[in-house]
Amino acid sequence: MDTNLRKRIRAGDHDAFGDLFDAYARSVYNHAYRLTGEWTTAEDVVSLTFLDAWRLRDRVDEEGGSLRPWLLGIATNVTRNTRRAARRHAAAVARLPRDETVRDFADEVAGRLDDAAQLAVVGEALRRLRRAEREVLALCVWAGLDYAAAASALGVPVGTVRSRLSRARTKLSKHMEPSDSRGQMRGDRTTAVGPLKEGNR
């Protein structure tokens, strides 16, 4: 099935691409949200990811398994570019003269979440990670990719994935609350800092 889908996508079959979207759009969205923490940005990343996937469809090998790692790799790159553009935009806006202060609704929204305190701890711990460590964590822990698939998605050696994930786990263990969170971070698969993994499809 995956091999046939790969061939159809390479051939520019719109129905096949629709099937690809139906199968993996949710997974791409979840991955983007975990990297950005913003619903609207994650939605933008989904659109841009599948736009890039269509543009890069001739790079898909005809033989192979699930296209999910390929899509998550594209989504990771799109997220990098999106956040870089957002930083440039924010810097440009900051240079503009302001007549009044714009209200920040972030704290109000966070206050409505049941686990706001724990989310704050997790968020701060994740912010202390390097970007590359967050990406590996999102792919291996939350998206459930194995080392080889994550390495393929990121275009790096398997050993690099292993070392980045190890560093990320160590840093998270250090910065999470010592009572409960540290123990939950042991092992290559965890639900301590996010939703259930989606598994390899």
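First, a word on scope: everything that follows refers to the structure included in this document. In this text the structure is predicted, and so the values were computed from the model without any measurement.

## Here we look at the overall build of the protein chain
Per the secondary structure count, the protein chain includes ten helices and zero strands. Out of the 201 residues in the protein chain, the part that is buried amounts to 37%. Within the protein chain, residue pairs in contact and separated by at least 24 positions form 68% of the contacts whose partners lie at least 6 positions apart. Accessible area of the protein chain: about 12,000 Å², with a carbon and sulfur share of 49%.

## Things to note about the environment of Trp54
Along the chain, the position of Trp54 falls in helix H3 (residues 39-55). According to the relative accessible area criterion, Trp54 is partly exposed, its value standing at 22%. Spatially, the C-alpha atoms of Trp54 and Phe17 are 7.7 Å apart, while their sequence positions differ by 37 residues. Setting aside anything within four residues of it in sequence, one finds Trp54 in contact with Gly12, Asp13, His14 and Phe17.

## Details of helix H2 (residues 14-36)
Most pronounced at Tyr24, the bend in H2 amounts to some 50°. Two residues or fewer past H2, Gly37 is found with a positive phi of approximately 75°.

Criteria and thresholds
- Residues numbered from 1 in each chain as written.
- Predicted model: local features only at pLDDT ≥ 70, side-chain atom pairs only at ≥ 80, totals over all residues.
- Heavy atoms only, no water.
- Helix = DSSP H or I, 4+ residues; strand = E, 2+ residues; numbered from the N terminus.
- Buried < 20%, exposed > 50% of the residue type's maximum accessible area, 1.4 Å probe, protein only.
- Contact = heavy atoms within 4.5 Å.
- Areas by Shrake-Rupley, 256 points an atom, 1.4 Å probe, with all protein chains shown as cover.
- Bend = angle between axes of the 7 residues up to and from the residue.

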